[in-house]
Amino acid sequence: ERDRLAAEAAAKAAAEKAAADALAAKLAKEKVDWFIAPFVGKERRFRDGADDAVGAAALGSTLCSPLIGAKIGPDIRLTPNVRFAPALGFALNTKESGKSSLFADAEIRRELTKGFVGAGVGVWDFNHSDSVAPNVLLDFGVLLKEYKNTNKLYFTGEGRLFMNQMDDIANNYQFWGGLRYIFR
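Residues numbered from 1 in each chain as written. Predicted model: local features only at pLDDT ≥ 70, side-chain atom pairs only at ≥ 80, totals over all residues. Heavy atoms only, no water.

A. Focus on the pattern of salt bridges. This model, assessed by the stated rule, comprises 19 salt bridges. In this structure, the salt-bridge partner of Arg-83 is Glu-111, at a minimum N-O distance of 3.9 Å. Of this pair, Arg-83 sits in strand β3 (residues 82-93) while Glu-111 sits in strand β4 (residues 101-112), placing them 28 residues apart in sequence. Note on accessibility: Arg-83 and Glu-111 belong to one class, buried. The closest approach of N and O atoms between Arg-184 and Glu-111, which form a salt bridge, is 3.0 Å. (Salt bridge = Lys/Arg side-chain N within 4 Å of Asp/Glu carboxyl O. Helix = DSSP H or I, 4+ residues; strand = E, 2+ residues; numbered from the N terminus. Buried < 20%, exposed > 50% of the residue type's maximum accessible area, 1.4 Å probe, protein only.)

B. Layout of the pairing of β3. By the alternation rule, side chains of β3 split into Arg-83, Ala-85, Ala-87, Gly-89, Ala-91 and Asn-93, which are all buried, and Val-82, Phe-84, Pro-86, Leu-88, Phe-90 and Leu-92, of which none is buried. As paired elements, strand β2 (residues 63-79) and β3 share nine bridges and run antiparallel to each other. Across the sheet, Gly-69 pairs through a bridge with Ala-91, a residue of β3. One ladder, built from 10 bridges, connects β3 with β4; its direction is antiparallel. Its bridge partner being in β4, Leu-88 is matched across the sheet by Ala-104. (Pairing = 2+ DSSP bridges.)

Here you go:
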């Protein structure tokens, strides 16, 4: 009886390993995953026509605004450790909702054992012709959980410098943190 139970347990373990190996082989052949990433953070930007009480634009100052946002896009494997992640997103300006932004990013990132680092370029605020801004992007992620189906959840942070105001970097940037869930 003992031998039979041991044989059944070994057969079950072998079947589970074969299924896991088959899934890994399938995923290795697939190149495109998808991700969604919710964030909270802030932007600091000079905006023409600022309509706050003191008229920031008239004083030549910037507006600092809290943001809640998200982005979504494909996660394309270029090599085993390098991925390309174009994305579209929305940033809700919680101080002045009329200054909320649509944006697009194109990011290259290096996957590490327990995270990633990346860089890219993008266009911020393309829904407002008077404040559209090209930007450079830096980001990182720390792996929080890898699921049995190989989906991954990361804690992530992103920062952007707006290239149309490179002479005033201290007053023209955006950063936020959140989660990135990759569907594999």
